[in-house]
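Notes for the structure review
The primary structure of each chain is shown beneath.
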Amino acid sequence: MDLNKRYTAQSWPDHPETATLEGKNKFVGFWLLLAAETITFASLFATYLALRDRGPSGMEFSSSGLFELPLVFAMTMILLTSSLTSVYAIHHMKNHNFKAMQAWLGITVLLGLTFLGLEIYEFNHYVHLGFGYTNSAFSAAFYTLVGTHGAHVLFGLCWFIALMVRNSKRGLNMYNAPKFYLAALYWHFIDVVWVFIFTVVYLMGAIS
Amino acid sequence: MAHDTTEKIRSHAEHEFLKKRRSAEMRHQMTSFAIMIFLTLIAFTLVAAGFSTYLIVPIILLLAAVQVVLQLYHFMHLSNKGHGMVAFFMFSGIFVAFITVLALVTIVWW
Amino acid sequence: MSSLAQKKGVGAVIWDYMTTVDHKKIAILYLISGGFFFLIGGVEALLIRIQLMKAGNDFLSAGLYNEIITMHGTTMIFLASMPILLGFMNAIMPLQIGARDVAFPFLNSLGFWLFFFGGIFLNLSWFMGGAPDAGWTNYASLALASEGHGIDFYALGLTISGFGTLIGGINFLVTIINMRAPGMTYMRMPLFTWTTFVASALILLAFPPLTVGLFFMVFDRMFGANFFVVEMGGNTIIWEHLFWIFGHPEVYILILPAFGIFSEIFAIFSRKRLFGYTALVFATILIGFYGFMVWAHHMFTVGLGPTANAIFALATMIIAVPTGIKIFNWLLTIWGGSIKFSVPMVYAVAFIPSFVAGGVTGVMQAIAPLDYQLHDSYFIVAHFHYVIVGGVVLAILAGTHLYWPKMFGTMLSEKLGHITFWTFFIGFHMTFFIQHFLGLLGMPRRVYTFGADQGWDLFNAISSAGAAFMAIGVIVMLINIVITTVKNVRVGNDPWEDGRTLEWAIPSPPPFYNFAQTPLVRGLDTYWIEKMEGNKKGMVYAEPVGDIHMPNGSILPLIMSFGMFVASFGALYFQDDSKPWTLAVLIIGLAILFGAMLARSLKDDLGFYIKKEDLIEDAKRGGNTDGSK
């Protein structure tokens, strides 16, 4: 494959992410990985549900009193919006508009960083209340589930940034188009997981 | 390991058509996004309003499921052509995920 | 790359294997390291049998015995059986579907090195303060109480090698989905490819719960979490569920490729098309599907309640149906065939009664009330050794004979092969058949000794004698391999003369690009079809000779795996106050890992092309070259 081959909007394939065999392989392989990730998170959710509000006798924390719903609402809105901005980025990738794609990815990264900052603030807040990781089975399950999601956000951000920096000079080609597409897929998946986290952990926690 | 694709240059009309189709698709995505925001608002409002737990839990779980379907099928294009095999594996994953959660909320022996 | 064939020194060969991304060489690496761990696990088995040879034996102490049974089970499942089967999948599956390589050659290499370092890490526990001792199932209530670092070695080592296996599974799935040769529809794929496909799907779906469970174990033991600590609100049943949601599909991950190997053998050595190919395929898929709905039959005595036990008992019995379909199809493949009793076929024929015996005791245990009696007795030990040794290990030995010429270009001796078969087969039944009765007489598993007044002496002595026979069989096999390798008599494309699938249409061992021209597949058993039509070339081509694109080798997979290996030592000693360096080691290890990952992402790796002229020249020499890449 020639990296220096220049495409125009008119010669750019309709589905650049699956136009080469390598792209197709990455595409299928990545979706399979997402299927495995679904089960990973399901195991974490299942454990959280089994261990929710369980702790040493006399534990003062419970999911109904602990969580800061306004903060969670803000985080949810930010992450949902970042999912839309990454859709815009891929829209421009398909139109072979590299600059617009980079710009939308930049916005996505900023939103993701804000989300991560809020999450760190949130965790810090709970720890200061005395709800540490080693506090109880409940705290371990909570931090592991939400923290694993946070680690995925962090990884997604690093991925976006690495792609943007690496390709800033050379623009879109058949080699990196699948990579941008998959990073965006990953970002949507992170959002899917968060939908369940805010529903199952925070909202169902608040009313239990 | 075929790397090269046979290059196909679209005619101007074809290109314009494709661009229009993509813009239309983008408007659909905006609609899905608006629905997602709306569903999220409903979920948070229900909890804030303090209805009965037995009413809220099934509703917010349903809302979450609708949002996930929107993400998977609109944002992630799971229904598009060439997604048959990956959709099969995704649903197998969801199936195993479901029985895992089911087991750990029902038959964990306390 | 002007000349494809070169003589190389030892150092260059080792470097070549360390950096290779060629699926055939990775297969050899899997076979060698899997075989090495198989020998270690075998020695552990012998130590167990020596200890149980007579009543009140003091050959091993109770603690050491616990470590040995734990490591025997863990090694045999995770580090021997599975890698060897992954080796066969790597070596044969891409050839069977007419592909030049797997979908992700780099990840293929990464998967191997992760498994390798995970296995080494786990076995280093012997020299660094004691091996894990909570059984291969590592139940949390035992594991959290275990002194020393044994359990930590288990949790971290299996996490690393588990990542490797998951990567391997995804790789095979994508290869089969995307890289089949023209005309190779799903319903024309050889059975071994089909079982690879389903087993890989099971790997994909079953390994995540194990990984999560192991992470909980790591966090509980090393970072102060309380998932399984009951007085802090934890629950040890969660470990059992997560382990068995993985553990039961794991059994099918092992047995399905074994079924695949035997399906190939029955067709080749009966010189007949597989009877009921379609039924075999759907039975394979059904077994994979049911595999996820039966895990709690390992937990009948936990006290999940009669409803749960009834559901899982019923689901378990249903699995016997697709398995029975397979058995009958194999029998009808042999029926009326022109049978040749070469070594692989002898194993295959012996496999049927052995495996059926294991299956029948399995259905017995599916009856929950009976399982209350059999649970944790030697009956269970006998049962799972009948399915795993009688199914998987026989398949591994048969597969080694069957595919040795394709992988190495030489034929293992038939005579020594038959000696191995008979000693191993007799030893196997001698060791394990009698254990059914030991179980019924009440002998518990995992207990290091027994009293002279319990009436188990004779049966245990017979069982131990059988283990010696198995050991002799394996030693003869090793001698066979050495003699064959030294003699180095090269064989042609189709050494068994009755090969049916594409791998037998190309040289043994194949050139590193496998197919100079991609084949066109015209039906099931494509090579057989071409042979019957008198096509001397063995295949029809789907494309003219042209440049072939191949991936570059890379040392990065080894470096990444080494990074995880180093980081694991940091995590392992994290809670020891006497070792202040742990955090630094953890960070250095992760830095190596992520540094290598970053290097991989930032550096473009576009592979290289083999020129058309080189291919033509290569074909003139017989196409039997060992490429340098």
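Owing to the predicted nature of the structure, the values given are computational and were not obtained by experimental measurement.

Quick notes on the overall build of chain B
Helix and strand counts for chain B come out as three helices and zero strands. Written out in order from the N terminus, the α and β elements of chain B read α-α-α. The globule rule puts the C-alpha radius of gyration for 110 residues at 13 Å, and the 21 Å found for chain B is more than 25% above it. Projected onto the principal axes, the alpha-carbon positions of chain B cover approximately 65 × 40 × 15 Å. The burial tally for chain B puts 25% of its 110 residues in the buried class.

Points about the interface of chain B and chain A
Quite often, the size of an interface is put as the accessible area lost when its parts meet. At the junction of the two partners, chain B supplies 47 residues and chain A supplies 48 residues. Among the elements of the structure, α1 (12-49), α2 (53-75) and α3 (84-106) of chain B are those that each provide at least two residues to the side of chain B that touches chain A. Here the residues of the side of chain B that touches chain A are counted per class, giving 30 nonpolar, 12 polar and five charged.

Regarding the nonpolar core
One finds L32(A), L173(C), L204(C), F227(C), F262(C), I265(C) and A398(C) to be the most contacted residues of the largest nonpolar core, which totals 291 residues. Here F262(C) is in contact with W330(C), A348(C), F351(C), A395(C) and A398(C), once residues within four sequence places are set aside. With five residues, the next largest nonpolar core counts Y65(C), I68(C), M71(C) and A131(C) among its residues.

Things to note about the interface of chain C and chain B
Every contact between the two is made by 19 residues of chain C and, on the other side, 13 residues of chain B. Where the side of chain C that touches chain B is concerned, the elements lending two or more residues are α7 (191-222), α8 (236-270) and β3 (548-550) of chain C. Counting residues per element, the side of chain C that touches chain B draws most heavily on α8(C), at four residues. Of the residues assigned to the side of chain C that touches chain B, the class counts are 11 nonpolar, six polar and two charged.

A word on unusual backbone geometry
Residues and elements named next belong to chain C. In the segment running from S508 into P509, the intervening peptide bond is cis, with an omega of -15°. With respect to the helices and strands, P509 occurs in the loop between α15 (457-487) and β1 (519-520). Backbone geometry at N514 places phi at a positive 60°, although glycine is not the residue there. Overall, the presence of 22 C-beta atoms within 10 Å leaves N514 in the buried class.

A closer look at the environment of I318(C)
Residues and elements named next belong to chain C. With respect to the element layout, I318 can be found in helix α10 (residues 306-334). According to the C-beta neighbour criterion, I318 is partly exposed, with 13 such atoms within 10 Å. Separated by 279 residues in the primary sequence, I318 and M597 place their C-alpha atoms 45 Å from one another.

Description of α10(C)
Residue and element names in this part refer to chain C. If you check α10, its first and last C-alpha atoms are 43 Å apart, about what 29 residues at 1.5 Å a residue would give, namely 42 Å. In the core, the buried residues of α10 are packed alongside α8, α9 (277-290), α11 (343-366) and α12 (368-374). At the C-terminal side of α10, G336 shows a positive phi close to 75°.

Observations concerning the packing of α8(C) against helix α13 (residues 378-408) of chain C
Residue and element names in this part refer to chain C. Direction vectors running N to C along α8 and α13 enclose 50°, while the axes themselves pass 9 Å from each other. Taken as axis vectors, α8 and α13 run oblique relative to one another. In the crossing of α8 with α13, the sense of the turn from one axis to the other is left-handed. Each of L254, I255, A258, I261, F262 and I265 in α8 lies in contact with α13, whose residues at this interface are V387, I388, G391, V392, A395, A398, G399 and L402. Here the contact of α8 with α13 is built from residues that sort into 12 nonpolar, two polar and no charged.

Here we look at the confidence of the model for chain B
Parts of the model with low pLDDT should not have their predicted coordinates read in detail. Residues and elements named next belong to chain B. When pLDDT is averaged along chain B, the result is 88, and 93% of the positions lie at 70 or above. Per-element confidence in chain B ranges from a low mean pLDDT of 91 for α1 to a high of 94 for α3. Model confidence for the complex: the whole-complex pTM is 0.95, and ipTM, which rates the interface, is 0.94.

Side note on the packing of α10(C) against α11(C)
Pairs of packed helices are described in terms of their axes, by the angle between the two and the distance that separates them. All names here are of chain C. Here α10 crosses α11 at 165°, and the two axes come no closer than 9 Å. Taken together, the axes of α10 and α11 are roughly antiparallel relative to one another. The interaxial crossing formed by α10 with α11 has left-handed handedness. Along the contact surface, α10 presents A313, T316, M317, A320, T323, I327 and W330, while α11 presents I352, V356, G359, V363 and A366.

About the criteria used
- Each chain has its residues counted from 1, following the order in which its sequence is written.
- Labels follow written order: the first chain is A, the first ligand is 1, and so on.
- Only residues with pLDDT of at least 70 get local features here, since the model is predicted, and only at 80 or more are side-chain atom pairs given and counted; chain-wide, interface and lining totals rely on the full set of residues.
- Where helices and strands are cited, they refer to DSSP runs of H or I of at least four residues and of E of at least two residues respectively, numbered from the N terminus.
- Throughout, the radius of gyration refers to the C-alpha atoms, and the reference size of a globule is 2.2 Å times the residue count to the power 0.38.
- Residue burial here comes from a neighbour count, namely the number of other C-beta atoms, placed from the backbone, that lie within 10 Å of the residue's own C-beta, with 20 or more meaning buried, 12 or fewer meaning exposed, and in between meaning partly exposed.
- We call two residues in contact whenever the C-beta atoms placed from their backbones are within 7 Å.
- Three classes are used, and their members are as follows: Ala, Val, Leu, Ile, Met, Phe, Trp, Tyr, Cys and Pro are nonpolar, Asp, Glu, Lys and Arg are charged, and the others, Gly among them, are polar.
- To form a nonpolar core, buried Ala, Val, Leu, Ile, Met, Phe, Trp, Tyr and Cys residues must be joined through C-beta atoms within 7 Å.
- In this scheme, a helix's expected span is set at 1.5 Å multiplied by one less than its residue total.
- The angle between two axes is taken between their N-to-C directions and runs from 0 to 180 degrees, where each axis is a line fitted to C-alpha atoms and a helix contributes only its stretch in contact.
- Small angles under 35 degrees read as roughly parallel and large ones over 145 as roughly antiparallel, with 65 to 115 read as roughly perpendicular and the rest as oblique.
- Should the near helix be turned counterclockwise from the far one by less than a right angle, the crossing is left-handed, whereas a clockwise turn marks it as right-handed.
- Residue-level confidence of the predictor, termed pLDDT, takes values from 0 up to 100.

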